[in-house]
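Fold and geometry: a report
Single-letter residue listing:
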Amino acid sequence: MKHKEHYRTAVYQTPFHPRTSLLNVRNDWHRWKDYTTATTYFDEALEYAAIRNACAVFDLTPMTKHRITGPDALPFLNRLVTRDVAKIKPGKVGYCVWCDDHGQVIDDGTIFHLREGDYRLCSQERQLDWLSLSAHGFDVSIVEDTHDVAALAFQGPTSCAVLKAIGCQGVEKLAPFSIGYFPFAGTELMVSRTGFTGDLGYELWIEPARALDLWDALFEKGANHGIRPMGTHALEVARIEAGFMQAHVDFLPADQAIRRDRTRSPFELDLARMVDLTKPNFNGRRALLEEQKRGSRYRFVRLDIEGNKPARSSYIYDRPRNGKVIGTVTSAEWSPSAKANIALASLHMPWGRPKDELWAEIYYQRELHWSRVMARCRVVEGSFYDPPRRRATPAADF
Amino acid sequence: MTERNRAIVIGAGHNGLVCAAYLAKAGRDVVVVEAADRVGGAAVTRDLAPGFRVSACAHLSYLLDARISGELELAKHGLKAARANLRTVALARDGNHLSLSGGTLASGTLPDADRAALPGYHAQMLAFARVLGKQHNRRPPRLGGGGRSDLMSAAMLGLDMRRLGRDPMREFLRIAGINIFDVLEETFESPLLKGALALDAVLGANLGPRSNNSVLSLLHRLSGTAIGVTDGLSLPEGGMGAITDALAAAARSSGATIRTGSPVTRITLEGDAVSGVELESGERLTAGTVVSNADPARTLLQLLGARHLETPVAHRIRHFRAKGMAAKLHLALDGLPRFDGLSAENAGERLVIAPDAHYIEAAFDQAKYGRCSSEPALEITIPSVHDRTLAPAGKHVLSAVVQYAPFDPRASTDAARAEFLERTLGVLERYAPGLRTQVVASQLLLPADIEREFRISGGHWHHGELALDQFLMLRPIPGAAQYAMPVNGLYLCGAGGHPGGGVMGCAGKNAAQAVLDAERAS
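Residues numbered from 1 in each chain as written. Chains lettered and ligands numbered in written order. Predicted model: local features only at pLDDT ≥ 70, side-chain atom pairs only at ≥ 80, totals over all residues.

Description of the domain arrangement of chain B
All names here are of chain B. If you check the domain split of chain B, you get domain 1 (6–41 + 239–321 + 456–521) and domain 2 (114–223). Averaged C-alpha coordinates put domain 1 and domain 2 at centres separated by 27 Å. With 20 residues of domain 1 at the contact, the number on the domain 2 side is 16 residues. Here the side of domain 1 that touches domain 2 is built from residues that sort into 14 nonpolar, 5 polar and 1 charged. (Domains from an automatic or database assignment. Contact = placed C-beta atoms within 7 Å. Nonpolar A, V, L, I, M, F, W, Y, C, P; charged D, E, K, R; others polar.)

Description of the environment of A:W98
All names here are of chain A. Within the secondary structure, W98 is located in strand β5 (residues 92–99). Taking the C-alpha atoms as reference points, W98 and Y41, 57 residues apart in sequence, are found 34 Å from one another. Sequence-distant contacts of W98, that is, excluding residues within four places in its chain, are made with L80, V81, T82, I106, D107 and N283. (Helix = DSSP H or I, 4+ residues; strand = E, 2+ residues; numbered from the N terminus.)

Brief notes about the domain arrangement of chain A
All names here are of chain A. Once the domains are mapped, chain A shows domain 1 (4–61 + 149–242) and domain 2 (297–380). Centre-to-centre separation of domain 1 and domain 2, based on C-alpha positions: 32 Å. Contact with domain 1, which involves 5 residues of that partner, is made by 8 residues of domain 2. Those elements that provide at least two residues to the side of domain 1 that touches domain 2 are α2 (44–53) and α7 (232–242). Per-element accounting of the side of domain 1 that touches domain 2 gives the leading share, 3 residues, to α7. Looking at the side of domain 1 that touches domain 2 residue by residue, the class counts come to 3 nonpolar, no polar and 2 charged.

Focus: the interface of chain B and chain A
Each side of the interface is counted separately: chain B has 16 residues, and chain A has 13 residues. For the side of chain B that touches chain A, the elements supplying multiple residues, two or more each, are α10 (296–305) and α11 (311–318) of chain B. Counting residues per element, the side of chain B that touches chain A draws most heavily on α11(B), at 6 residues. Of the residues belonging to the side of chain B that touches chain A, the class tally is 7 nonpolar, 5 polar and 4 charged.

Describing the packing of helix α1 (residues 14–25) of chain B against helix α16 (residues 506–521) of chain B
Residue and element names in this part refer to chain B. α16 packs onto α1 with a crossing angle of 40° between their chain directions and a minimal axis gap of 7 Å. In terms of orientation, α1 lies oblique with respect to α16. Remark: the crossing between α1 and α16 carries right-handed chirality. Touching H14, N15, G16, V18, C19, Y22 and L23 of α1 are A507, G508, K509, A511, A512 and V515, all from α16. Each residue belonging to the contact of α1 with α16 can be placed in one class, and the counts come to 8 nonpolar, 4 polar and 1 charged. (Axes fitted to C-alpha atoms, helices over the stretch in contact; angles between N-to-C directions. Parallel < 35°, antiparallel > 145°, perpendicular 65-115°, else oblique. Left-handed = near helix turned anticlockwise from the far one by under 90°.)

As for the nonpolar core
Note that soluble globular proteins tend to have their nonpolar side chains buried in a common cluster. Residues and elements named next belong to chain B. By size, the foremost hydrophobic cluster in this structure holds 177 residues, and its most contacted members are A20, A21, V32, A198, L247, A251 and A511. A domain split of this core shows at least three residues from each of domain 1 (6–41 + 239–321 + 456–521) and domain 2 (114–223). Those residues in contact with L247, other than ones at most four positions away along the chain, are H14, L17, V18, A21, L72 and L74. (Core = buried A, V, L, I, M, F, W, Y, C linked by C-beta atoms within 7 Å. Buried ≥ 20, exposed ≤ 12 C-beta atoms within 10 Å, placed from the backbone.)

Brief notes about the sheet that holds strand β12 (residues 201–206) of chain A
Either a parallel or an antiparallel arrangement is found when strands of a sheet pair, and the pairing is made through backbone hydrogen bonds. Residues and elements named next belong to chain A. Taking strand neighbours across the sheet as the criterion, the 6 strands line up as β10-β11-β12-β9-β3-β13 in an open arrangement whose pairing is mixed. Looking at strand neighbours, the two that pair on one side only are β10 (179–184) and β13 (227–229), the edges of this open sheet. Direction aside, the axes of adjacent strands within the sheet are offset by 25° on average. Direction of pairing for β10 relative to strand β11 (residues 187–192): antiparallel, over a ladder of 6 bridges. Note on β11: the bridge partner recorded for F182 is L189. In this fold α2 packs onto β3 (55–59), β9 (150–155) and β13, with an angle of close to 115° to the strand it touches most, β3. (Pairing = 2+ DSSP bridges.)

Quick look at the sheet that holds strand β2 (residues 29–33) of chain B
All names here are of chain B. Read across the sheet, 5 strands follow the order β10-β2-β1-β14-β20 without closing on themselves; strand pairing throughout is parallel. If you trace the sheet from one side to the other, it starts and ends with β10 (257–259) and β20 (490–492), each paired once. On average, each strand axis in the sheet is inclined to that of its neighbour by 20°, with strand direction left out of account. For β2 and β10, the ladder comprises 3 bridges, and the chain directions are parallel. From the neighbouring strand, V32 faces β10, where its bridge partner is I258.

Focus: the environment of B:L184
All names here are of chain B. One can find L184 in helix α6 (residues 180–187). By the C-beta count within 10 Å, which is 24 here, L184 ends up buried. Taking the C-alpha atoms as reference, L184 lies 7.7 Å from A198; in sequence the two are 14 residues apart. Each residue touching L184, except ones within four places of it in the same chain, is listed here: K194, L197, A198 and A357.

Pasting the structure below:
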C-alpha cells in the first residue's frame, strides 16, 4: 500500500468486490489479511461440488505477493528457501518452504519464475520483514505487491474450456506448474496452472483495473460450464482432500512461536523432498543437517479414519483403550470425493510407521448431546483425491 | 585440493600471531597474511616524524596474558618493559595532582573519607575483575548446548562468582551491569579522584560514566592486573610493536610463515566449507582452516559475504555494536612538556585529564550526538621518558587517548579532525602551558581513521563494545561465540570474540585451541 492514509482503512475490499458482494447472498464474510473475503456465497456443499464437477472462482487477491528482481534474485531465493530454485525455470512455478536458523518452517508458498530473473513469491503470511532482512548482501529488489495484482483461483474440470472461451488460445497446453501469458481486455492476463484444490485448475493474475472485465468474461462464458463462486469453506475441503497443509492450521510459523516445541521443521511436515541439503547455504541448513543426524521430533501424516465423523482437533492414541497420546489432528473433513473420513495429523516420533496402530479420539454432537468414539486410523501416502485430469496435458474440456 | 593441515590466519595483530604461534606449535602448517607492510595490527609502533616513533593505536600494556608470554617465551624473543607498574597521575588545574598507585595514594591530598575508602574500593574491584580474568583462558559455554565442556565452563563461571563470598557476590551482581558514576558517588567525595577512576571505566568505550556497562568495562580493564599480569600497567621497550614483534618471532620460530603486504579480498568456499583466501594480488591460498583476526563484521560480511550466512546470523553481526568513540593523539615534541605542579620524573607516569566525572559525561554527551567533545578527557603517556628508542635525545613523543570523537561526525571527518586537534591541544595547554610551541609534528586519529588505518570496522579498539549483551557466550553473537563461525573451517580469533579487546592474546590462544579440538573431534 503506497498511499500514506492506508491506516485509515481497517479492512479493504478486493477489486472483485463489486461482483463478489452481489453473489454473496448469505452475506457471509471474514477477514483474510487486510481484506474482506467470502466464507460462503450460497451453499458450501454446492460450491465444493463446482470445484470437482464444473468450475469455481475464488478471489485470491489477499494472498501476500512479492516481486523479487535484480541480478541476485536467484541466489537470494536459494538462500531463503530450502529447495533448489535454479530448477524452477522461467515460466514455471514451484512450491517451497523457508526456515529460520533453527531449521523451523516460517512459512510455505510458491515461487513463480515469471520471466528470466523475475520472480513472484506468494506466501501465507506477511514476509516483507524477513525478506528484507535476508536481502542484505544481495543485489536484489523486493516489493510487496499484494495490492497491485488482482488474482483469482479458477478451479475445476471445466476451467480450461472456459479460459479458452474467454480468449486464452492454447491454454490447454499449459502443463501443471507452468505459466502462460494471454492478451486480455487490452492488458496481459497471466495464467498459471496452479491451485490449492488438487484438481485441474488455474490461477489468474491481472492488473486491478481490469479485474471486473476478467470476472465478467469468466461468468459470461462459464454460464454453460457450471461456473460458481466459491468461498473459503469450500476451498478448505478441497485442500484437505489434496493433502495440502496450511500455516496456522497444520503448522505454526516459526517466527510467531513462543514455545520452541510448537514449531516444525520441513522433515517434520513430510517435506523432505523440498529440502536440498546439497546447496551450500540456506536458512536452516545447519540445523537441518543436525536434525538428520539426531532424528526428527514429529512426523506429519495423512490419515484415513474409520467411520464418518470428522476427527477435528482429535488426539491420536497408540491403542483404543488406556493408550497414550502420540499426536494430534491438525485438519479433518469428510471427503465427498474420496468418500472417506480424512485428516492431517502431527505425530510424535517414531509413531506413524506402517504397522503402527493409531486411534483417533473423536467427539461429536447429536442434538446437543456429546458422544465420543475411538476410531482406527490408517496412514495414507499422497493426496486423498487425485484425479488424472489434475496432471493431464493437454487439459481436456469436460 | 584443500590442504587439511594448513591454517591461514588473516591478520597479524597480536591475537592472530598468538593463534598462529599455538597452531604452529601443534604442528599445523600456518600462513599468516597481513594487509599492512608490517605485523602488529593495533599493537604497533610506527614512525611519527623523522627520529620519532610512537605506539600508533594501543599505547599501554596491562592485559597481556602471563601464561601466553611464558609459553611463547616472549622475553626470549626480545620483549621487555621499558617501565613497569606505572602510576596514574590525575592532573589538577591548580597543580594539586593526585598520584595513585593501585589502591594507594602516592601523593596529593584527598579528604580523609576518600583516603580511607580507596584501598577497599580498589581491592573489591580487583576481586570482581578476577572473576572475569579467570574466564580469559576458557572457551565461553554454549548456551543450551548441553555438552560436557559447556556445562563445565558454565559451572566454573558460577563457582568463581560464588567464591567471592556471599556479600561480595551480591555486590558483584548489583554493580556488574550498572554505571561507574553511581558506584563512585556512593564511595568517594573528591571530584578529581572520581574523574580519574571514572575515566578508567570508559577508555576506548562508547560509554560515558553514566552509561550502563561502564562498571563491566572497568572490570575488563582491571582483569589483567587482577590475575597477575607481568609488569602491571607497563610500557614495552620499543613501544607496543615490541609485543607483536616478539609474538611474530615466536610464531616464526614455531614454523609459521608470515606474509605482510598481503591484503585478503575474500575468504573462498568449497561447498559449505572454507577453502582458503584470495589476496588482493589475485593469488589464492588454499587451506582447510581459516582463522580471522579481523573484526566480526569485516570477516563475515566483507571477506566471507552475508549470502554465505543464514539470515539471522548476518543480521546479528550487522547489529554487533562496534562504533569507536576514542581518538588517538600523537605529538613529536622538541622537549619534555612542563605540566604545572608535576616534576619531570613524574611526567613519565600515566597522566589523566578528567577533572571530574561530570566533565567526562558532558564530553560524552556531545559525541553521542555526532560532535567531537569541546572539552575532551585524556589518558596521556610520554613513553620516551623511559624509552630512548622512541625519540632523539632530549626530545619526546606524547601519545594520548582522547575522548570523545564520534565514528561518523556530523561535520566531515577532515573538518572534525582539524577542530578536535585544536581543542585537544587547547585542553593540554591548560595543564602544560607552552606545549604548542614544543610540537614538531602532530597526528590525530579519529575512529574513522582507526578504521581505515588498522582495518577495524567502526574503529573500536575492542572490535566491538564490551557490554553484557556482547560478552562471554554472547560475543560477538550468540550461537557463534566459541570461535568457530557458522561456516565450516572458519574461526574468529580477534577481540570481537571472548574475552574481548586489550592486548591480551587470549582470544588468539582460545581460538587455536578451538581449531585443534575440532580437528580432534572430526
